[in-house]
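Commentary on secondary and tertiary structure
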Amino acid sequence: MERLNDRLNDETYMRLALRMAAETAGQTGVNPAVGCVVVKDGRIVGLGAHLKRGEPHAEVHALNMAGERSEGATVYVTLEPCAHHGKTPPCCDRLLEAKVARVVVASVDPNPLVSGKGIARLREAGIEVVSGLLEEEERRINAAYRKYITTRMPYVTLKIALTLDGRIATRTGDSRWVTGPEAREAVHVLRHRHQAIMVGVSTVLADDPELTARLPVPAMQPVRVVADSRLRVPETARIFDGKTPAVVLTTEQADPAKADRLRELGAEVLVCGPGPRVDLRLAMRRLGEREIASVLLEGGGQLAGAMLKAGLVDRVKLFYAPKLAGEDGIPAFAFAGPERMADALRLEQIEIEHVGGDWCVSGVPVREGGT
């Protein structure tokens, strides 16, 4: 088996930059996760990652570390350097000031303000630019950013813990716990890496969850979102603890007085359609307007089914426990299926991972004729 240090080429340094980008997932808000490596005379002289929206980009951190050694160096960056003024100055200017000789880019930035302009500017200044190295890896890391920056709607990951026979709870509604501790910790990491976590009101009524990321190290807390067409959510629910923002998605049929009381608790109440159910596509647009670029959808079954039917789920993560709950257990997906198996929703880009005593099956939901 080949070891990492048995080969040394552009791909080696780009993989290092991609690893740094991946580790910042969830920290950058609506901004992309970006990693950068500066190499001079065969040595790594600078490393950097974009850590927070509004703060210096990966290239700036890496060039600051490299200092004068940046001149004549090769820079490996996972996303095209920006050429416009946003919350920070253009990274292209910083690269030109540093007098780098070569820039290797994994992927062109899909942001219309940037797309292709950064690469063109560097080439016009005489800097050699190589683009497209390990592009698919970068696209996976920044899937949420790519969807948000082009549609202004959040990237939705549907997470479900279920038995091998597709049940999320027993016939009595008991669901504690379907999966083991390792899978549950993996879910808390997912919460940490998403800007919002979303459930239906039935989940709040049944479990009164906190909807927080609980890890052995400090975690970032997602905005807590509840779909509740008639505002049945109790005012005593733990999601209204005032520690993390809460958003309630409802309809025009909801009681205005109840909406006002929830607002007094600090919740944001968004009316999404006339009813009787929340207009989920409108709800996603409303969350996008609030600069929420990623949502972890945790159910229950009716909400999961409705989001899938509406084509609003971008990735599915199914945590399977080696258990059988029986035919009268509560199904994971509550939606009317197709008449023909050929028309069934299927998953592509499948990944399977062993998590403790459970398995995680991940994929992108698609239908015949497109996603």
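Placed above this text is the structure.
Values in this document were obtained by computation on a predicted structure and should not be read as measured data. (Residues numbered from 1 in each chain as written. Predicted model: local features only at pLDDT ≥ 70, side-chain atom pairs only at ≥ 80, totals over all residues. Heavy atoms only, no water.)

Further remarks concern the sheet that holds strand S12 (residues 294-297). Pairing is mixed in the open sheet, where 9 strands are placed in the order S11-S10-S9-S8-S12-S6-S13-S16-S15. Pairing within the sheet leaves two strands with one partner each, and these edge strands are strand S11 (268-271) and strand S15 (346-355). Between one strand axis and the next, the sheet turns through 20° on average, direction left out of account. Inspection of the sheet shows strand S6 (residues 155-163) paired to S12 by 4 bridges, in the parallel sense. Within S12, the residue paired with Tyr155 across the bridge is Ser294. Contacts from helix H11 (residues 301-309) reach S6, strand S8 (196-200), strand S9 (223-227), S12, strand S13 (315-321) and strand S16 (358-366), with the element oriented near 135° to S6. (Pairing = 2+ DSSP bridges. Helix = DSSP H or I, 4+ residues; strand = E, 2+ residues; numbered from the N terminus. Axes fitted to C-alpha atoms, helices over the stretch in contact; angles between N-to-C directions. Contact = heavy atoms within 4.5 Å.)

Attention now moves to the sheet that holds strand S1 (residues 35-40). Spatial ordering of the open sheet is given by S2-S1-S3-S4-S5, a layout of 5 strands whose pairing is mixed. For this open sheet the edge positions go to strand S2 (43-49) and strand S5 (128-131), each flanked by a neighbour on one side alone. On average, adjacent strands in this sheet sit at an angle of 15° to one another, irrespective of strand direction. Bridge analysis of S1 against S2 gives 6 bridges, and the strand direction is antiparallel. In the sheet register, Lys40 faces S2, and the bridge partner there is Arg43. Lying over the sheet, helix H2 (residues 58-66) contacts S1, S2 and strand S3 (74-77), oriented at roughly 145° with respect to S2.

To continue, consider helix H9 (residues 256-264). Buried within H9 we find Lys258, Ala259 and Leu262. Along the long axis of H9, the arc covered by the buried residues comes to 105°, so they all point the same way. Opposite the buried face of H9, by more than 90 degrees, sit the exposed residues Pro256 and Glu264. Where H9 is buried, its residues contact strand S10 (246-250) and S11. (Buried < 20%, exposed > 50% of the residue type's maximum accessible area, 1.4 Å probe, protein only. Arc of directions from axis to C-beta.)

What follows deals with helix H7 (residues 181-192). Given 3.6 residues to a turn, an α-helix orients residues that are three or four positions apart in the same direction. For H7, with 12 residues, the first-to-last C-alpha span of 17 Å sits near the 16 Å given by 1.5 Å per residue. Within the span of H7, buried status applies to Ala183, Val187, His188, Leu190, Arg191 and His192. Looking at the packing, one finds that the buried side of H7 touches S6, S8, S12, S13, S15 and S16. (Expected span 1.5 Å × (residues − 1).)

This part takes up the packing of H2 against helix H3 (residues 91-98). Viewed as axis vectors pointing N to C, H2 and H3 meet at an angle of 20°, and their least axial separation amounts to 9 Å. Our classification of the angle between H2 and H3 gives roughly parallel. As for how H2 packs across H3, the hand of that crossing is left-handed. For the pair H2 and H3, the contacting residues are Glu59, Val60, Leu63 and Asn64 in the first and Cys91, Arg94, Leu95 and Ala98 in the second. (Parallel < 35°, antiparallel > 145°, perpendicular 65-115°, else oblique. Left-handed = near helix turned anticlockwise from the far one by under 90°.)

A separate point is the environment of Phe240. Tracing the sequence through the fold places Phe240 in the loop between S9 and S10. Along the chain, Phe240 and Glu210 lie 30 residues apart, while their C-alpha atoms are 8.9 Å from each other. When residues no more than four places from it in sequence are discounted, the contact partners of Phe240 are Val233, Pro234, Glu235, Ala246, Val248, Leu262, Leu265 and Ala267.

Let us look at the packing of aromatic side chains. Considering all chains together, one arrives at 1 aromatic pair under this definition. On the numbers, 5.2 Å between centres and 35° between planes, the contact of Tyr13 with Tyr76 is tilted. Placement of the pair is Tyr13 in helix H1 (residues 10-23) and Tyr76 in strand S3, with a sequence separation of 63 residues. Overall, Tyr76 belongs to the buried group, its relative accessible area being 4%. (Phe/Tyr/Trp six-rings, centres within 6.5 Å; stacked < 30°, edge-to-face > 60°.)

Right, let's talk about the pattern of salt bridges for a bit. Under the defined criterion, the tally for this structure stands at 21 salt bridges. Glu235 is the salt-bridge partner of Arg261, the closest N and O atoms lying 2.7 Å from each other. Highlighted residues: Arg261 in helix H9 and Glu235 in the loop between S9 and S10, separated in sequence by 26 residues. On the basis of relative accessibility, which here comes to 33%, the residue Arg261 falls in the partly exposed class. Here the salt bridges share partners, and the residues they tie into one network are Asp10, Arg102 and Glu128. (Salt bridge = Lys/Arg side-chain N within 4 Å of Asp/Glu carboxyl O.)

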